[in-house]
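Examination of the molecular architecture
What follows is the residue order along each chain.
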Amino acid sequence: MRPFLPAGLVLSVLAAAPLAAQTAAPLDPMTNDKVKSYDWVRPEADYVRREVMVPMRDGVKLFTVIVYRKGTKDAPVLLSRTPYDASRSTSRNRSQRIEEILPVMDAPFVNDGYIRVYQDVRGLGKSQGDYVMTRPLRGPLNKTKVDHATDAYDTIAWLVKNLPESNDKVGIIGSSYLGFTSLMALIDPHPALKAAVPQSPMVDGWMGDDWFHNGAFRTFGFDYDLGQTVEKGGGDVPKGGGDEYTAYLDGGSAGDYARKWGIDQLPTVRKILDHPAYDAFWQGQAVDKLLAARKLTVPTLVMLGQWDQEDSYGAPHVFQAVKAAQPDAPITLGIGPWRHSGANYEGFALGPLKFEGDTGLQFRLNWIKPFFDCRLKTQAAPCQPMPAAVTYATGANRWETDAKWPAGAETPLYLAGKGTLSWSKPAAAGADDYVSDPAKPVPFIPRPVHMDGDAWRTWLVQDQRFVDGRTDVLTYAGPVLDKPVHIKGAPRVDLRAATSGQDSDWVVKLIDVYPQENSANPAMAGYQLGIGIEIFRGRYVHGFSTPAPLEPGKTYSFGWSLPNVNHVFLPGHRIMVQIQSSLFPLYDRNPQTWVPSIMDAKPGDYARATQTVHWGGNDASAVYLPVAAD
């Protein structure tokens, strides 16, 4: 017989019983506190996040993260292939809300039923295989059976087969390196790939993107190489946190600098040092050439920032190369008032420049999202015809569309006497001289120089008054404008110049000079805003693959283009051109004597040289502006 218990006590005992059953025995104080894993995606999360290893045709498996809102079905897939950690890209915040774990630019897509996919490229992150910095297409430079084109193809094939939530339509998007992998996916594309938005893509690392510009080496690439390719001990070159102008000056040539810091044996650094000229190594990797050799079948919106400090070359040259080979190609060029990859961030301002709204969000909602929707969504409305170009007119602060690009007619703006500019060629010939000293190169931003953070992201809109007045910088300015001058395209430089040395770099800056009195915006009073800044290494005047010494004193015609822009020089402003022979330490110094490879110049090779810029007469230097007829 059970003992009698009061009713209240019975209830309390019964209520306590489940709690007692769930309480674990106290742990021994010396229990190992390390556990294997913790699933930070909790049951209450509003999304599904899956990690899978996707097999490629050669057996290598690539780490892939798939994210979509719970309940998603019949959904388009948006893919990005990244070297920057797919796991981190899909865990921006450890949140239970899908908008919080993904990059900001993804919110409009996943909130509208898209499946978002990020994948580590082979050899990086959690993917298997070997990593090659910009893996060439199968062919002379790549004897294997795989490249970024095949990896994209195999990934898309797996996704449409293994995602029952999808509608078997895939788009690809990404910026910088991810822009490069987006473009590579367009080569022999999978049939399910219906649209592509490559942003600020790396296209030609020698002609004008990350490693060289017109033959001049971009030194910041060393930090990227070390951080990108070393498993242990990677990161920036350990030169300390001081003025990088001094660090690179003390380091000597690019080759000596690499040897000083022990990075000369990194395979990617060795490849760069081994190929200072535009040889088959660089030509064979130029994505604009690869795409032009094929028919583009996937509708493409290729885009960049007007002040893209890293990859200003790629997007416009893909557009131009494809259109030249295939006039009816389904490709549109987009240019916004941004820095590198700026379309994916808030776009109210860049440095001191203020715009009329969030230009990044405007472009994402008004152009990128509709571009994908009509091509990827089930039963979507028909796609509207795309213009050749969608660009933001800086100065006037408005979006514009054009049926062709460039959308302006080349109009020469001539250098003239007494530091002036003229719309008509000066009849009388003249010249201006300056002495370029490699021991005192012109800095590209005010010292102390740090090629990171906001100083790096906004250097192209830096006020150029910090060098105006230097004896090794020539300045030419036009009169105060009484009507706007609107340019739409890439200004072209025709510089007639000579050097007392055997080699020389030439830097031309196209500048918008603001009025000296500007009470509406005092911070911009007298501001010298760079509209286009670009360098040319003189030894390549006869061909980028055939460097040769310059004949001292001989006048050459050096020709190159500035970045593509849509800009309005407003009434009351002035147009200015600056010319100099260094932009340091962004670009390595030209020794100005002849050495077979500037990468291996020695201290004794660097010498002062007198640079002569001609104007008027038979040797009239000019910047050809693509002036639009508004």
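Relevant structure appears above.
Residues numbered from 1 in each chain as written. Predicted model: local features only at pLDDT ≥ 70, side-chain atom pairs only at ≥ 80, totals over all residues. Heavy atoms only, no water.

Counting secondary structure elements, the protein chain contains 15 helices and 27 strands. A compact globule built from 630 residues should have a C-alpha radius of gyration of about 25 Å, and the protein chain, at 28 Å, falls within 12% of that. Over its C-alpha atoms, taken along the principal directions, the protein chain stretches across nearly 125 × 55 × 55 Å. Taken across its 630 residues, the protein chain has 57% of its residues classed as buried. At a minimum sequence separation of 6, the contacts of the protein chain that also span at least 24 residues come to 75%. Total accessible area on the protein chain is roughly 26,300 Å²; 54% of this is exposed by carbon and sulfur atoms. Of the side-chain charges in the protein chain, 64 are positive and 68 negative, and the distance between the mean point of each set is 5 Å. (Helix = DSSP H or I, 4+ residues; strand = E, 2+ residues; numbered from the N terminus. Rg over C-alpha atoms; globule rule 2.2 N^0.38 Å. Buried < 20%, exposed > 50% of the residue type's maximum accessible area, 1.4 Å probe, protein only. Contact = heavy atoms within 4.5 Å. Areas by Shrake-Rupley, 256 points an atom, 1.4 Å probe, with all protein chains shown as cover. Lys, Arg positive; Asp, Glu negative; His and termini not counted. Charge placed at Lys NZ, Arg CZ, Asp CG, Glu CD.)

Glancing now at the environment of Asp 311. Its place among the elements puts Asp 311 in the loop between β9 (300-305) and α13 (314-325). Along the primary structure Asp 311 and Gly 559 are separated by 248 residues, whereas in three dimensions their C-alpha atoms are 20 Å apart. Once residues within four sequence positions are removed from consideration, Asp 311 is found in contact with Ser 176, Ser 200, Pro 201, Met 202, Asp 209, Asp 210, Leu 304 and His 340.

Moving on: the packing of aromatic side chains. Going through the model one piece at a time under the given rule, you end up with 30 aromatic pairs. Ring geometry for Tyr 540 versus Phe 544: centroids 6.3 Å apart, planes at 45°, classification tilted. Look at Tyr 540 and you get buried, because its relative accessible area is 4%. Classification of Phe 544 as partly exposed rests on a relative accessible area of 22%. (Phe/Tyr/Trp six-rings, centres within 6.5 Å; stacked < 30°, edge-to-face > 60°.)

The next point concerns the environment of Gln 516. You can see Gln 516 is positioned in the loop between β21 (505-513) and β22 (528-537). Gln 516 sits in the exposed class, given a relative accessible area of 60%. Gln 516 has contacts with Ala 525 and Gly 526, leaving out every residue within four places of it along the chain.

To continue, consider the pattern of salt bridges. All chains considered together, the criterion is met by 34 salt bridges. The salt bridge involving Glu 51 is made with Arg 49; its shortest N-O contact spans 2.8 Å. Residue Glu 51 is classed as partly exposed on the basis of its relative accessible area, which comes to 42%. The shortest N-O distance in the salt bridge between Asp 147 and Arg 138 comes to 2.8 Å. Residue classification places Asp 147 among the buried residues on the basis of a relative accessible area of 0%. Here the salt bridges do not stand alone but share partners, grouping Asp 46, Arg 69, Arg 97, Glu 99 and Glu 100 into one network. (Salt bridge = Lys/Arg side-chain N within 4 Å of Asp/Glu carboxyl O.)

Next up on the list: the side chain of Ser 176. The residue Ser 176 is located in the loop between β5 (166-175) and α6 (177-184) in this model. When its relative accessible area of 8% is taken as the criterion, Ser 176 is described as buried. Among the polar contacts listed, one links the side chain of Ser 176 to the side chain of His 340, at a separation of 2.9 Å. Beyond its immediate chain neighbours, meaning those up to four positions away, Ser 176 contacts Gln 199, Ser 200, Pro 201, Met 202, Glu 310, Asp 311, His 340 and Ser 341. (Polar contact = N/O pair within 3.5 Å; in protein donor to acceptor, adjacent residues only side chain to side chain.)

Look at helix α7 (residues 221-229) against helix α10 (residues 267-274): their axes get within 9 Å of each other, and the N-to-C directions meet at 145°. Of α10, the residues touching α7 (which contributes Phe 222, Asp 225 and Thr 229) are Thr 268, Val 269 and Ile 272. The class makeup of the residues in the contact of α7 with α10 is three nonpolar, two polar and one charged. (Axes fitted to C-alpha atoms, helices over the stretch in contact; angles between N-to-C directions. Nonpolar A, V, L, I, M, F, W, Y, C, P; charged D, E, K, R; others polar.)

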